[in-house]
Every structure is written in structure tokens, then in C-alpha cells.
There are 2 protein chains.
Amino acid sequence: MTAFIDAIERQDLDAALDLVAQDLEYENVPISVVRGKDNVRQALEPLLVGASEVQWQVLAQVASKGVVLNERLDRFRMGDHWIEVRVAGVFHVSDDRISVWRDYFDLEQFTSQLPGVG
Amino acid sequence: MTAFIDAIERQDLDAALDLVAQDLEYENVPISVVRGKDNVRQALEPLLVGASEVQWQVLAQVASKGVVLNERLDRFRMGDHWIEVRVAGVFHVSDDRISVWRDYFDLEQFTSQLPGVG
């Protein structure tokens, strides 16, 4: 999980996707489910490429038997301001690859920070 | 944590609050922070008393060093329908009492199910 988060923070989508299963199921719980590595790439790209800097501050993380749960503050620098999202993440890991990834957060808390909104 | 969730499902607020610290910090992340056992009681009462049945389905739960993270489907039966909230919870436990409790969820997903809304 550390390597995955490191890759996200480096905005290295290739390195991050090397650590997920081909048929990864990725759900932003308030939005939708995306399946498969290519679709996940498309979903992640705008935020990762659009940000000038990315930080995922891991506040707590506990793992057991192929399940990793964490509490995070995900931060994306857009121009001169930071968008901050308080997130709790659920990851299923099998054969050293992330096969399921669900992020719980409040959608309005996120969208209200986007440029041109609110 | 099992005893706490059992008490919640029995809608036994006294039994649930016996398991939390006097100065419990309880945060519904998209809403607000409530501090202290009496204020938490007031915050929980409407939903627990208003529901005719409560189920917290624990989908995943991992604990380590005084931190418990879980993924839940919280269900509250109101009249003839169920309100369902997808939640990820963070609990800090010290001296066998819950001292911090944070629930991550999408507020709109919850409020849109309330009677008279949407």
C-alpha cells in the first residue's frame, strides 16, 4: 500500500497501476464504480495530471488478511490552492495486487472546492 | 467493537454509551463534531429511537494498536422502508472505551432517503 500511495503522490500513474489487478474494481462510493485497469486510468488521470502536486496523508492504516483500511487526507494542489478530501479507503489485496478499492467521502465536500464551483 | 455494535442494533443507547469514554469525540465527517457523552446521546437518539429496527452490517473490520477501522452498511427501518448508509468508520479505543469515533459517508446519499426529502 505504501508503494501505491508513493506512486500516487509522485503522480506516476504507470507505477501505481503496476500495483493493481487487471480487473481492479475502483469505486468512489458517492459517484460510481469503474472496472478494469484502462478505465481506472481514465478515471484517475484528470485529477493526477491536473494537479501540480499530490499528497495523501495517511492518518491511520490497518491491514489484515488481504484487507487494508485507511483514513486519509487526500490533497491536490490546483494552481495556487489545495483541494483537500477527507477519505476512508478500503482495499482488497490478492497476489500482491489491489483488486478492489473503495473510497468513502462526502461528494459535496469535494466538489465545493473545485474551480468554478460554489 | 462487537459489543458496541450489538448495543446499537438493539437500540440500547445506555449500553452503547457504557462503552464510550466520558469525553468521546464523535464526528459525522460531512456534518460536525460532537463532544462528550451527553451530547453524543442527543446526537444519536433521533435516529436510534426514530427507527423501528437498526442493522449495522459490518463488511470489513480491522484493528491494531487501539485503532479500529470498519466498512459498514448502516440500515435504519423507518416505517415501512429502510434507510441505508454506506459508511467507513474510524474508532480509537483506550482503556476499553471508545474515545474517538469518525464516520465517513456521503451526506447527500443519506439525506436523500429521509422522509419528505427528494
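What counts and what doesn't
- Residues numbered from 1 in each chain as written.
- Chains lettered and ligands numbered in written order.
- Predicted model: local features only at pLDDT ≥ 70, side-chain atom pairs only at ≥ 80, totals over all residues.
- Heavy atoms only, no water.
- Helix = DSSP H or I, 4+ residues; strand = E, 2+ residues; numbered from the N terminus.
- Polar contact = N/O pair within 3.5 Å; in protein donor to acceptor, adjacent residues only side chain to side chain.
- Contact = heavy atoms within 4.5 Å.
- Pairing = 2+ DSSP bridges.
- Axes fitted to C-alpha atoms, helices over the stretch in contact; angles between N-to-C directions.
- pLDDT = per-residue confidence, 0-100.
- Buried area = accessible area lost by both parts, 1.4 Å probe.
- Salt bridge = Lys/Arg side-chain N within 4 Å of Asp/Glu carboxyl O.
- Least-squares fit on C-alpha atoms with pLDDT ≥ 70 in both.
- Buried < 20%, exposed > 50% of the residue type's maximum accessible area, 1.4 Å probe, protein only.
- Arc of directions from axis to C-beta.

**Regarding the side chain of Arg75(A)**
Residues and elements named next belong to chain A.
Here is step 1 of the chain: Topologically, Arg-75 is positioned in strand 4 (residues 67-78).
Here is step 2 of the chain: At 2.7 Å, the side chain of Arg-75 and the side chain of Glu-84 are in polar contact.
Here is step 3 of the chain: For Arg-75, the contacting residues outside a window of four places in its chain are Glu-53, Val-54, Gln-55, Gln-57, Trp-82, Ile-83 and Glu-84.

**Remarks on the sheet that holds strand 1 (residues 20-28) of chain B**
All names here are of chain B.
Here is step 1 of the chain: As summarised here, the arrangement of the 6 strands in space is 2-1-6-5-4-3, forming an open sheet in which the pairing is mixed. Bordering the open sheet on either side are strand 2 (32-35) and strand 3 (53-64), each of which pairs with just one other strand. Across the sheet, the axes of successive neighbouring strands diverge by a mean angle of 20°, strand direction being ignored.
Here is step 2 of the chain: With 11 bridges joining them, strand 3 and strand 4 (residues 67-78) adopt antiparallel strand pairing. Bridging across to strand 4, Gln-61 finds its partner in Asn-70.

**Here we look at the confidence of the model for chain A**
Here is step 1 of the chain: When pLDDT is averaged along chain A, the result is 95, and 97% of the positions lie at 70 or above.
Here is step 2 of the chain: Both confidence scores are given for the complex: pTM 0.95, ipTM 0.94.

**As for the environment of Gln11(B)**
Residue and element names in this part refer to chain B.
Here is step 1 of the chain: Among the structural elements, Gln-11 can be located in the loop between helix 1 (2-9) and helix 2 (13-17).
Here is step 2 of the chain: On a C-alpha basis, the gap between Gln-11 and Ile-98 in space is 18 Å, while along the polypeptide they are 87 residues apart.
Here is step 3 of the chain: Not counting residues up to four positions away in its chain, the partners in contact with Gln-11 are Leu-48, Ala-51, Ser-52, Glu-53 and Val-54.
Here is step 4 of the chain: Here the side chain of Gln-11 touches Leu-48 through a polar contact of 2.6 Å, landing on its backbone oxygen.

**Some words on the interface of chain B and chain A**
Here is step 1 of the chain: Each side of the interface is counted separately: chain B has 23 residues, and chain A has 23 residues.
Here is step 2 of the chain: When the buried area of chain B at its contact with chain A is split by residue, Val62(B), Arg86(B) and Tyr104(B) rank highest and sum to 34% of it.
Here is step 3 of the chain: Inspection of the region where chain B meets chain A yields 4 salt bridges.
Here is step 4 of the chain: Its salt-bridge partner being Arg86(B), residue Glu27(A) comes within 2.8 Å of it at the nearest N-O pair.
Here is step 5 of the chain: Between the two partners, chain B and chain A, sit 9 residue pairs in polar contact (both at pLDDT 80 or more).
Here is step 6 of the chain: For the side of chain B that touches chain A, the secondary-structure elements that each account for two or more residues are strand 3, strand 4, strand 5 (81-94), strand 6 (97-104) and helix 4 (107-111) of chain B.
Here is step 7 of the chain: It is strand 3 of chain B that contributes the most residues to the side of chain B that touches chain A, 5 residues altogether.

**Brief notes about the relation of the copies chain B and chain A**
Here is step 1 of the chain: When chain B is fitted onto chain A, the two copies agree to an RMSD of 0.0 Å after a turn of 180° and an axial shift of 0.0 Å. Here the symmetry operator amounts to a two-fold rotation axis. If distances are taken from each C-alpha of chain B to the rotation axis, the shortest is found for Asp106(B), at 2.0 Å.
Here is step 2 of the chain: A shared interface surface links the copies, since 100% of the contact residues of chain B are contact residues in chain A too.

**Re helix 1 (residues 2-9) of chain A**
Residues and elements named next belong to chain A.
Here is step 1 of the chain: Of all the residues in helix 1, the buried ones are Phe-4, Ile-5, Ala-7 and Ile-8. Along the axis of helix 1, the buried residues cluster in a sector spanning 160°; they form a single face.
Here is step 2 of the chain: Once helix 1 ends, the next one or two residues include Gln-11, with phi positive near 60°.

**A closer look at the environment of Trp101(A)**
Here is step 1 of the chain: Here Trp101(A) lies in strand 6 (residues 97-104).
Here is step 2 of the chain: Along the sequence, Trp101(A) and Met1(A) sit 100 residues apart, while their C-alpha atoms lie 11 Å from each other.

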